[in-house]
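A structural walkthrough
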Amino acid sequence: MANNTPHAIRGTQDIFGADAEAFAFVVETFEHMRKLYRFRRAEMPVFEKTEVFARSIGETTDVVSKEMYSFEDRGGESLTLRPEFTAGIARAYLTNGWQQHAPLKLVTHGPLFRYERPQKGRYRQFHQIDAEIIGAAEPQADVELLAMADQLLKELGVADGVTLQLNTLGDADSREAWRSALVGYFRDVQGELSEDSQERLEKNPLRILDSKDPRDRKFVADAPQIDDFLSGEAQDFFGAVIGGLDAAGVAYERNKALVRGLDYYRHTAFEFVTDRLGAQGTVLGGGRYDGLMESLGGPATPAVGWAAGIERLAMLVGERSEAELEVAVVAENTEREGEAARLVSIYRNAGVVAELFATGSPRKRFDRAMKVNPAAVVSLDIRDGEKREAIKHIRENARVADIFAAFVTHE
RNA sequence: GCGAUCGUAGCUCAGUUGGUUAGAGCGCCGGUUUGUGGUACCGGAGGUCGGGGGUUCAAGACCCCUCGAUCGCCCCA
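Residues numbered from 1 in each chain as written. Chains lettered and ligands numbered in written order. Predicted model: local features only at pLDDT ≥ 70, side-chain atom pairs only at ≥ 80, totals over all residues. Heavy atoms only, no water.

**Considering the protein's contact with RNA strand B**
To be explicit about the condition: By convention in these notes, a residue is near a molecule or strand provided one of its non-hydrogen atoms lies within 4 Å of it. Polar contacts here mean pairs of N or O atoms no more than 3.5 Å apart (in protein, one a potential hydrogen donor and the other a potential acceptor; neighbouring residues in sequence count only if both atoms are side-chain atoms). The helix and strand labels rest on DSSP assignments: H or I over at least four residues marks a helix, E over at least two residues marks a strand, and numbering proceeds from the N terminus.
Taken together, the neighbourhood of RNA strand B is formed by 34 residues, with Arg200, Arg207, Lys212, Arg363 and Lys371 sitting nearest. Among the atoms of RNA strand B close to the protein, meaning within 4 Å, 44% are from sugar or phosphate groups. Lys120 is positioned such that a nitrogen or oxygen atom in its backbone is 3.1 Å from a phosphate oxygen of RNA strand B. Interatomic distance of 2.8 Å between a side-chain N/O atom of Asp367 and a base nitrogen of RNA strand B. Ranked by the residues each element gives to the surface near RNA strand B, the list is headed by helix H13 (residues 362-371), at six residues.

**Description of unusual backbone geometry**
Definition in use: The rule is simple: take the accessible area with a 1.4 Å probe, protein chains only, and divide by the maximum for that residue type; under 20% is buried, over 50% is exposed, in between is partly exposed.
The omega torsion of the bond from Ala102 to Pro103 falls at -5°, within 30 degrees of zero and hence cis. Along the chain, the position of Pro103 falls in the loop between helix H4 (86-95) and strand S5 (104-113). With phi around 55°, His267 is a residue other than glycine that occupies positive phi space. As for its position among the elements, His267 is in strand S9 (residues 266-274). His267 gets classed as buried once you look at its relative accessible area, which sits at 10%. Phi is positive for Asn373, which is not a glycine, with a value near 60°. You can see Asn373 is positioned in the loop between H13 and strand S14 (376-383).

**With respect to the environment of Glu48**
Here Glu48 lies in strand S2 (residues 47-49). Glu48 gets classed as buried once you look at its relative accessible area, which sits at 7%. Put simply, Glu48 and Ser345 are 297 residues apart on the chain and 45 Å apart in space, counted from C-alpha to C-alpha.

**Some remarks on the domain arrangement of chain A**
Put simply, the rule is: Domain limits in this description derive from either an automatic procedure or a database domain assignment.
Domain boundaries assigned for chain A yield domain 1 (17-171 + 231-317) and domain 2 (327-409). Centre-to-centre, using C-alpha coordinates, domain 1 lies 49 Å away from domain 2.

**Digging into the sheet that holds S14**
We count it as follows: Two strands are counted as paired when DSSP detects at least two bridges linking them. Fitted lines through C-alpha atoms give the axes, limited to the stretch in contact for helices. The angle between two N-to-C directions lies from 0 to 180 degrees. Here, two residues are considered to be in contact whenever any of their heavy atoms come within 4.5 Å of each other.
Strand order across the open sheet formed by four strands is S13-S12-S14-S15, with mixed pairing between neighbours. Edge positions in the open sheet fall to strand S13 (354-357) and strand S15 (386-393), since each of these has one partner strand only. Taking each pair of neighbouring strands and ignoring which way they run, the sheet shows an average axis angle of 15°. Where strand S12 (residues 327-331) and S13 come together, four bridges link them in parallel fashion. Counterpart to Val327 in the pairing with S13 is Ala354. Contacting S12, S13, S14 and S15, H13 crosses the sheet at an angle of about 170° to S12. In the packing of helix H14 (residues 398-409) onto the sheet, contacts are made with S12, S14 and S15, and the angle to S15 comes to roughly 170°.

In structure tokens:
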């Protein structure tokens, strides 16, 4: 290992081979799904003014200061590499007059950046697919989004062992009432909670509900539940989502401890969770964020969306092989390299996956062709001063044989 | 920010309670086989064992520091 070669940044990765194929499969399947559901593509900048994300995430949390990749540009303006898609999409929606398209069904995908300690399924530069419906207040929007997510996981072949966990956070009033009831409840047993949760009580009490510490867990079971604080409208909304999921045949599990830390989340919250990815079990997550547009200075705009980590999905997808080589064309004699190149080109123009073996020792070219497991090997050689052509079929392929036959007769 | 585990050829890994010239497979390079077969056989190159310090007659192995990776905690927009 040359020790003066620059190394990759911690938490970044070079994706190659079977992993890269799995990654591409996830993106291709997602593209297929979004066309099926008629979501439109959008591409957003990878960086924005820091305030776009700071306002979306809440300037008080230390997420902003500690976990974002922020820097000053030459004009002294603070910019940040996007840590999520939603804030940038919301900004684009407001600044480009996309209100005229409401309700707008949008997807995007690409890299995101968070300054975190890498671990299984968590990287500093990672990639997500993302789907949003903006300007739709109806529960049908939540259902459509969930149905698309559910079908995507099935098409990817990863639905086994993945369950959809569903919850409601209610409207703004329900949410606030629940929150203060939780604070009151946990304050009474504060001394018996874990150190982490004692701190959560001040900063983010909802998070105590999904604490892993056994000292917290025994109190969580009897904690106040959102259902007791839901307004009539909030109950109706959640009921409509559940009814829609049943109608669409989407299976789910109620998880009353599933929460979102930020205030602008309302009503539906959901996560598709697996136990096959270690501590990072959430494969796809999202919810309704009716309050976000206003915190970015826009008009009240209902919206719902989800995002999923491409790397995590790719891990579940497992090994994906590269496209099969249909024909390997071998120039076993230097003088036949030109013809071999021409034949490869004929194959490729006809849509046949072909590769040329015409470098290195002529004696070893046939062997090297065999090693890449082609469906057929075509050999062009000169034996005793005479041209010879041969085709060896490992797996039958009529097009390969026909093109070879035509090529030989025209020599 | 905290903790645990791990760093040996390009890659995947062996390497005994510390013992003399550090190994294998794959890959790479060279050679042999004039063959409708040959993904074979033979050979070669490639490593100051992550880096630095220490213990010892002797360290890839033991101790300390450091860097990196992995997994977990925190956090999770």
